[in-house]
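Fold and contact review
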Amino acid sequence: MTVLSGPSGVGKSTVVAHLRQAHPEVWLSVSATTRKPRPGERHGVQYFFVENEEFDKLIANGELLEWAEFAGNRYGTPRRAVLDRLEAGEPVLLEIDLQGARLVRESMPEAQLVFLAPPSWDELVRRLTGRGTEPPEVIERRLAAAKVELAAESEFDTTLVNTSVEDVSAELLALMRVV
Ligand SMILES: Nc1nc2c(ncn2[C@@H]2O[C@H](COP(=O)(O)OP(=O)(O)O)[C@@H](O)[C@H]2O)c(=O)[nH]1
Ligand SMILES: Nc1ncnc2c1ncn2[C@@H]1O[C@H](COP(=O)(O)OP(=O)(O)O)[C@@H](O)[C@H]1O
């Protein structure tokens, strides 16, 4: 199992979408979140969008492999689906934040932790702002979280710098031994 983390706006979703277009056999976990959908996001595709009460239930029933609060919303990985795919021997990819990556490392030490880094701080700010999905105060919050995440890079097994989506997808596939 491979965990991909990195600051908001670095390009995680873009890289994963590119990788899965060429290799749909890579299974990506769909997380539950209390965040509201962005335009174009669909329930069950990018996320399972749930209310706070539903998220409380998922935690209480032990249905999440890990969960974390990120920039004011909660996000969690449904446990059953991940375990089923691992049992079936499929390549499993989680795209989660630093706190989640740390929790996975504790509960599944065999997981491979990959950090996606921006070419520079200015480029990260450009990407996050340029995406145009969040208002300025949310961007500020995510950039504050990004500073913490960038400082934790050394906790990961591997760092990939997202200069080129094509290159980084190929590198990630190689790390996952999908060719
Ligand atoms: N711990 C944890 N983090 C998650 C999960 N799903 C998504 N995240 C992370 O939550 C953060 C915010 O995600 P999102 O609101 O979709 O923003 P984006 O990643 O900037 O597009 C990102 O770092 C995601 O990787 C999850 O199930 N668990
Ligand atoms: N290698 C890259 N070069 C230039 N822009 C990129 C690259 N990777 C992603 N982007 C752009 O950066 C923005 C943030 O990417 P996204 O995949 O949403 O990030 P994340 O999922 O890490 O929050 C998007 O507008 C995306 O098109």
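Residues numbered from 1 in each chain as written. Chains lettered and ligands numbered in written order. Predicted model: local features only at pLDDT ≥ 70, side-chain atom pairs only at ≥ 80, totals over all residues. Heavy atoms only, no water.

**Examining the UniProt feature "binding site: ATP" (unreviewed entry) in the protein chain**
Heads up, the rule is: UniProt positions are given in the numbering used here, feature names are shortened, and annotations may be inferred rather than shown by experiment. A run of H or I in DSSP becomes a helix once it reaches four residues, and a run of E becomes a strand once it reaches two; helices and strands are each numbered from the N terminus. Contact criterion: two residues are considered in contact whenever any of their non-hydrogen atoms come within 4.5 Å of each other.
The UniProt entry lists Gly6, Pro7, Ser8, Gly9, Val10, Gly11, Lys12 and Ser13 under the feature "binding site: ATP" (unreviewed entry), expressed in the numbering used here. Its location among the elements puts Pro7 in the loop between β1 (2-5) and α1 (12-22). For Pro7, the residues in contact, after removing those within four places along its chain, are Lys12, Phe115, Leu116, Pro118, Leu124, Ala146, Glu149 and Leu150. Apart from the residues lying within four places of it in its own chain, the contact partners of Val10 are Leu116, Ala117, Pro118, Leu124, Arg127 and Asn162.

**Here we look at the site of ligand 1**
The line we're drawing: Throughout, the term near means that a residue has one or more heavy atoms lying within 4 Å of the molecule or strand in question. N or O atoms closer than or at 3.5 Å make up a polar contact, with two conditions inside protein: a donor-capable atom paired with an acceptor-capable one, and, for residues adjacent in sequence, both atoms drawn from side chains. The Shrake-Rupley method, run with a 1.4 Å probe, gives the accessible areas here. Residue values count only the displayed protein chains as cover.
If you check the shell around ligand 1, you find 19 residues, and the closest are Ser8, Ser31, Arg35, Tyr47 and Tyr75. One of the side-chain nitrogen or oxygen atoms of Tyr75 is found 2.5 Å away from an oxygen atom of ligand 1. At a separation of 3.0 Å, an oxygen atom of ligand 1 approaches a polar side-chain atom of Arg131. A total of 570 Å² of accessible area belongs to ligand 1 in isolation, and the protein chains cover 98% of it. For the shell around ligand 1, the secondary-structure elements that each account for two or more residues are β5 (64-70) and β6 (73-78).

**Quick look at the environment of Pro119**
Here is the rule we go by: A 1.4 Å probe rolled over the protein chains alone gives each residue an accessible area, and that area as a share of the maximum for its type sets the label: buried under 20%, exposed over 50%, partly exposed in between.
With respect to the helices and strands, the residue Pro119 is situated in the loop between β8 (112-117) and α5 (121-131). Pro119 sits in the partly exposed class, given a relative accessible area of 41%. Remark: the alpha-carbon pair of Pro119 and Val161, spanning 42 residues in sequence, is separated by 6.0 Å. Excluding its chain neighbours within four sequence positions, the residues that come into contact with Pro119 are Arg127, Val161, Asn162 and Thr163.

**A word on the packing of α5 against helix α6 (residues 136-150)**
When two helices pack together, their arrangement is given by the angle between the helix axes and the distance between those axes. Applied cut-off: Each axis is a line fitted through C-alpha atoms, taken for helices only over the stretch in contact, and angles between the N-to-C directions span 0 to 180 degrees. Crossings are sorted by hand: turned counterclockwise from the far helix by less than a right angle, the near helix makes the crossing left-handed, and turned clockwise it makes it right-handed.
Two elements in contact, α5 and α6, have axes whose closest approach is 11 Å; the angle formed by their N-to-C orientations is 145°. When you trace α5 past α6, the crossing you get is right-handed. From α5, Trp121, Leu124, Val125, Leu128, Thr129 and Arg131 reach across to α6, where they touch Ile139, Arg142, Leu143, Ala146, Lys147 and Leu150.

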